[in-house]
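Commentary on secondary and tertiary structure
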Amino acid sequence: MTFLEPLTLTGRYVTLEPLSREHHDGLVDAARDGELWRLWYTSVPAPEEMAAEIGRRLDLQEQGSMLPFTTRLIDPGTGAPGRIIGMTTYMNIDAGTPRVEIGSTWNAASVQGTGTNPDSKLLLLRHAFETLGCPAVEFRTHWLNHQSREAIARLGAKQDGVLRNHSRTRDGLLRDTVVFSILEHEWPMVRAGLEHRLARRG
């Protein structure tokens, strides 16, 4: 058994299930909800690029450096997994420490601000700290993606620093990457904050 095996995580609003090629059409519909690929500071695949992106993530899973998930809403009537709303991953997996980054995340525009993102983060963070035993979990985002930076900070993550001219965007421009992390001893407070946010919505 490897450090991270595909698994399903179920929360209050969402279910995270192992990414599959069968999710293609649902993911295309989710990306079209808000035309997310047109936001220049994100890396959401366009509909015609979705199959390649699924393949890329599954290839990285085979190499042991990523564990990709498809995010589904939970049907409020039945409690069963409902429509697909996006993707998220454990990435840059370091089994020796162990340490993971939570990233490559996007959700359909219509569900943003509805509790799906904090629910997803609670599931991933709880598994990382309480099952995998990670001493730290990392987040990274584009310096100019203020929405993402604010969302990560609201989780309770602390900014570690900025990697300047760190990588190139899909249009070839150099980007500065902001790095955040949550440490193991900070997790109980972060967990309480996320649970409180979700309970207020409930």
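So, here's what we can say about the structure. (Residues numbered from 1 in each chain as written. Predicted model: local features only at pLDDT ≥ 70, side-chain atom pairs only at ≥ 80, totals over all residues. Heavy atoms only, no water.)

**Comments concerning the packing of helix α3 (residues 116-131) against helix α5 (residues 187-201)**
For the pair α3 and α5, interaxial distance at closest approach is 10 Å and the crossing angle is 155°. Judged by the angle between their axes, α3 and α5 are roughly antiparallel. As for the relative orientation of α3 and α5, their crossing is left-handed in sense. Contact residues: α3 offers Pro118, Asp119, Leu122, Leu125, Arg126, Phe129 and Glu130, while α5 offers Trp187, Val190, Arg191, Leu194, Glu195, Arg197 and Leu198. Across the contact of α3 with α5, the residue classes tally to eight nonpolar, no polar and six charged. (Axes fitted to C-alpha atoms, helices over the stretch in contact; angles between N-to-C directions. Helix = DSSP H or I, 4+ residues; strand = E, 2+ residues; numbered from the N terminus. Parallel < 35°, antiparallel > 145°, perpendicular 65-115°, else oblique. Left-handed = near helix turned anticlockwise from the far one by under 90°. Contact = heavy atoms within 4.5 Å. Nonpolar A, V, L, I, M, F, W, Y, C, P; charged D, E, K, R; others polar.)

**Regarding the packing of aromatic side chains**
Per the stated rule, a full pass over the model turns up two aromatic pairs. Considering the side-chain rings of Phe69 and Tyr90, the 5.9 Å spacing of their centres and the 75° angle between planes classify their relative orientation as edge-to-face. With a gap of 21 residues between them, Phe69 in strand β3 (residues 66-74) and Tyr90 in strand β4 (residues 81-94) connect regions that are remote in the sequence. Across the pair, Tyr90 and Phe69 agree in class, each one buried. A cation over a ring is seen here: Arg149 above Trp143, with NZ or CZ 4.0 Å from the ring centre. (Phe/Tyr/Trp six-rings, centres within 6.5 Å; stacked < 30°, edge-to-face > 60°. Buried < 20%, exposed > 50% of the residue type's maximum accessible area, 1.4 Å probe, protein only. Lys NZ or Arg CZ within 6 Å of the ring centre and 35° of its normal.)

**Comments concerning the pairing of β4**
Judged from the eight bridges that link them, β3 and β4 form a sheet pairing that is antiparallel. Directly across from Arg72, in β4, lies its bridge partner Ile84. Linking β3 back to β4 in an antiparallel pair, the connection comprises six residues, with Gly79 at a positive phi of about 80°. Here β4 runs beside strand β5 (residues 99-107); their pairing, made up of six bridges, is antiparallel. Residue Met87 lies in a different strand from β5, and its bridge partner there is Trp106. What sits between β4 and β5 in their antiparallel hairpin is a turn of four residues. (Pairing = 2+ DSSP bridges.)

**Considering the pairing of strand β8 (residues 174-183)**
Summarising burial for β8: seven of the ten residues are buried, a large majority. As defined by bridge partners, strand β6 (residues 136-142) adjoins β8 across seven bridges and the pair is classed as antiparallel. The residue of β8 that forms the bridge with Thr141 is Val178. Here seven bridges tie strand β7 (residues 158-168) to β8, and the two strands are oriented antiparallel to one another. By the bridge assignment, Gly161 is partnered in β8 with Val179. Linking β7 back to β8 in an antiparallel pair, the connection comprises five residues, with Gly172 at a positive phi of about 90°.

**As for the environment of Arg140**
Looking at the secondary structure, you find Arg140 in strand β6. With a relative accessible area of 30%, Arg140 lands in the partly exposed category. When the C-alpha positions of Arg140 and Gly161 are compared, they lie 10.0 Å apart, and in sequence the two are 21 residues distant. A distance of 2.5 Å separates the side chain of Arg140 from the side chain of Glu138, its partner in a polar contact. Among the polar contacts made by the side chain of Arg140, one reaches the side chain of His166 at a distance of 3.5 Å. (Polar contact = N/O pair within 3.5 Å; in protein donor to acceptor, adjacent residues only side chain to side chain.)

**Notes on the side chain of Thr70**
Structurally, Thr70 is set in strand β3. Judged by relative accessible area, which is 0%, Thr70 ranks as buried.

**Focus: unusual backbone geometry**
That bond from Thr97 to Pro98 is cis: its omega, -15°, falls within 30 degrees of zero. By secondary structure assignment, the location of Pro98 is in the loop between β4 and β5. Notably, Asn92 is not glycine yet its phi reads approximately 45°, a positive angle. With respect to the helices, strands and loops of the structure, Asn92 is situated in strand β4. You can call Asn92 partly exposed: its relative accessible area is 48%.

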